[in-house]
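# Secondary and tertiary structure notes
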Amino acid sequence: IFSLDAAKIAQFVVNLRTFTPDQMEAAKVSGLGFISSFDASLIARRVVGLCTDPTNFSGQFRFMPFNKSYPDILTNRIEENYTAILMGDVDGDWNPAGLRPAVTGDDLEAVQASLPKVASQTGSVIDVPLSINRLRGIGVNAYQFDIEYDPAVLEPAAVAAELSGTRSEGLSVISNVPFAGLLKVAVYGALPASGDGVYANLRFSAIGKPGSTSPLTLREFRFNEGTIGVRLIDGLVKVTAGETSIRGRLVTPTGEPVAHARVGLTSTTGSKREVTSTSFGYFEFGGLEMGQTYTVTARSRRHTFAPVTVSVANSITTLEMIAEQ
């Protein structure tokens, strides 16, 4: 059962294809007795491992006829056969020998699915485009794939796959993280996408330390019937420190700004910087390193401030320093 089965149901719903009686039975995975786009969505959910819905019968065998009655058996009866229907397998490509493996292609001229090598600041969300090229006019009604990543470095966003603004914009997408380190995506639709370019945007949060990297390894990539070899090009995400800053304000105990005070910043390595507060008491230190600890001091002719030690965990850290006198 692949995403193409969901695409074929979507085509049936809008009268772009017909089904045999057996195919119609296989398509009714919702158990509602009729075929709708809901059946297509349930199949896509099964493809990415979302099989907890008790009303999703994808992957179960049903038998036609449901039963037979034999009131009087006086002689042997032959050819009393049943037809096994795998629910969700509308194209009938189930193989008793086991799951048909995805076809990969080493030919440089083969259809190519690729992820880029990108950099992302720690704590930020990054979009990683999935591109499909060298299609040579082949329309794409369905595709699915797995991505393996390092869960210590990356975390899929709540909406981990989006099609807006891509070649697949008219299709439907569903994704799932069955366990940390694996993202599964299925895309399907009634009308084919076409042309080379970006087909999906994958969203990850960079949670690793600066300098850490995570491979983005494509696995089990199938499009349409899955019989055409696809050359897979893996991606990589490198986490960078990014630019962070400490911003703050100097005020008196009554909330009045302390202007033109000298504000100092000292890192754990001993490096020092100094700025002057504005007429409204504001100050800022930019270009800091994420994860580092700094001590902020302030000097004024009329006011005394206690030093403040802060660890930079966000792109902007805000302080309010209140004078002791």
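This write-up is about the structure you can find in this document. (Residues numbered from 1 in each chain as written. Predicted model: local features only at pLDDT ≥ 70, side-chain atom pairs only at ≥ 80, totals over all residues. Heavy atoms only, no water.)

## Topic: the overall build of the chain
Under the convention used in this document: Numbering of helices and strands runs from the N terminus, with a helix taken as a DSSP run of H or I at least four residues long and a strand as a DSSP run of E at least two residues long. The globule rule used for comparison is 2.2 Å times the number of residues to the exponent 0.38, while the radius of gyration itself is calculated over C-alpha atoms. Relative accessibility thresholds used throughout: buried, under 20% of the residue-type maximum; exposed, over 50%; partly exposed, between the two (1.4 Å probe, protein chains only). Any two residues having at least one pair of non-hydrogen atoms within 4.5 Å are treated as being in contact. Only the protein chains shown count as cover for residues, with accessible areas throughout obtained via the Shrake-Rupley method and a probe of 1.4 Å. Charge counting follows a simple rule: Lys and Arg are positive, Asp and Glu are negative, and His as well as the terminal groups are ignored. Think of each charge as sitting on NZ of Lys, CZ of Arg, CG of Asp or CD of Glu.
When helices and strands are counted, the chain shows 3 helices and 20 strands. Here the chain has a C-alpha radius of gyration of 30 Å; the compact-globule value for 325 residues is 20 Å, and the former is much larger. With 325 residues in all, the chain has 42% of them scored as buried. Taking all contacts inside the chain whose residues are at least 6 apart in sequence as the whole, residues at least 24 apart take part in 68%. Only carbon and sulfur atoms are counted for the fraction: they give 51% of the accessible area of the chain, which is about 17,100 Å². Of the charged side chains in the chain, 28 are positive and 32 negative, and the gap between their average positions amounts to 8 Å.

## Details of the sheet that holds strand E15 (residues 262-267)
Counted only if it meets this: DSSP calls a pair of strands paired once it identifies at least 2 bridges connecting them. Between the N-to-C directions of two axes lies an angle of 0 to 180 degrees, each axis being a line fitted to C-alpha atoms and, for a helix, fitted only over the stretch in contact.
What the 4 strands build is an open sheet, ordered E16-E15-E18-E19; its pairing is antiparallel. Both edges of this open sheet fall to strand E16 (272-276) and strand E19 (308-311), since each of them pairs with a single strand only. Neighbour-to-neighbour, the strand axes of this sheet turn through a mean angle of 25 degrees, independent of strand direction. In the sheet, E15 pairs with E16 via 5 bridges, with the strands oriented antiparallel. Bridge pairing in E16 links Val-263 to Val-275.

## What about helix H3 (residues 37-47)?
Of the positions making up H3, those classed as buried are Asp-39, Ala-40, Leu-42, Ile-43, Ala-44 and Val-47. Buried residues belonging to H3 abut helix H1 (3-13), helix H2 (21-27), strand E6 (140-148), strand E8 (172-179) and strand E9 (182-193). Remark: Gly-49 follows H3 within two positions and exhibits a positive phi of approximately 90 degrees.

## Notes on the pattern of salt bridges
Stated formally: We define a salt bridge as a side-chain nitrogen of Lys or Arg found within 4 Å of a carboxyl oxygen belonging to Asp or Glu.
Using the criterion set out here, one finds 9 salt bridges in the structure. Between Glu-80 and Arg-77 there is a salt bridge; the shortest N-O distance is 3.6 Å. Note on Glu-80: relative accessible area 28%, which makes it partly exposed. Between Asp-146 and Lys-184 there is a salt bridge whose closest N-O contact spans 3.1 Å. One end of the pair, Asp-146, is in strand E6; the other, Lys-184, is in strand E9, and 38 residues separate them in sequence. A residue is classified by how much of its surface remains accessible, and Asp-146, at 12% relative accessible area, is buried. Lys-184 sits in the buried class, given a relative accessible area of 18%.

## Some details on the packing of H1 against H3
In plain terms, the rule: Should an angle fall under 35 degrees it is taken as roughly parallel, and over 145 as roughly antiparallel, whereas 65 to 115 is taken as roughly perpendicular and any remaining angle as oblique.
Two numbers describe how H1 lies on H3: the axes approach to 8 Å, and their chain directions differ by 175 degrees. Taken as axis vectors, H1 and H3 run roughly antiparallel relative to one another. Two secondary-structure elements touch here, H1 through Ser-3, Asp-5, Ala-6, Ile-9, Ala-10 and Val-13 and H3 through Ser-37, Asp-39, Ala-40, Ile-43, Ala-44 and Val-47.

## Observations concerning a nonpolar patch on the surface
What counts is decided by this rule: Like-charged residues within 9 Å of one another, or nonpolar side chains (Val, Leu, Ile, Met, Phe, Trp, Tyr) within 5 Å, are grouped into patches, provided each residue has over 30% relative accessible area and no salt bridge.
Taken together, the side chains of Phe-61, Phe-63, Tyr-70, Ile-73, Tyr-82 and Trp-94 define a hydrophobic patch exposed on the protein surface, amounting to about 620 Å² of accessible area. Counting through the fold element by element, Phe-63 comes out in strand E1 (residues 61-64). By relative accessible area, which is 45% here, Phe-63 ends up partly exposed.

## Regarding the environment of Leu-115
Relative to the helices and strands, Leu-115 is located in the loop between strand E3 (111-114) and strand E4 (117-121). Between the C-alpha atom of Leu-115 and that of Ala-161, which follows or precedes it by 46 residues, the distance is 13 Å.

## Quick notes on the packing of aromatic side chains
What counts here: Within 6.5 Å between ring centres, the rings of Phe, Tyr and Trp (the latter by its six-membered ring) count as paired, and their orientation is classed by plane angle as stacked under 30 degrees, edge-to-face over 60, tilted in between. A positively charged side chain is recorded as over a ring if its NZ (Lys) or CZ (Arg) lies within 6 Å of the ring centre. The angle to the ring normal must also be within 35 degrees.
Evaluation of the coordinates by the stated rule reveals 8 aromatic pairs. On the numbers, 6.3 Å between centres and 5 degrees between planes, the contact of Tyr-143 with Phe-145 is stacked. Note on Tyr-143: relative accessible area 0%, which makes it buried. One aromatic cluster is present, formed by Tyr-143, Phe-145, Tyr-199 and Phe-221 through successive ring pairs. Between the NZ or CZ atom of Lys-68 and the centre of the ring of Tyr-82, over which it lies, the distance is 5.1 Å.

## Comments concerning the sheet that holds E9
Spatial strand order, E4-E13-E11-E6-E9-E8: 6 strands in an open sheet with mixed pairing. For this open sheet the edge positions go to E4 and E8, each flanked by a neighbour on one side alone. When the angles between neighbouring strand axes are averaged without regard to direction, this sheet yields 20 degrees. Pairing of E6 with E9, which is carried by 8 bridges, proceeds in the antiparallel orientation. The residue bridging Asp-146 from the neighbouring strand is Lys-184, located in E9. Against the sheet, H1 makes contact with E6 and E9, and its axis sits at roughly 30 degrees relative to E9, the strand it touches most. Across the sheet, H3 lies against E6, E8 and E9, angled at about 150 degrees from E9, the strand it touches most.

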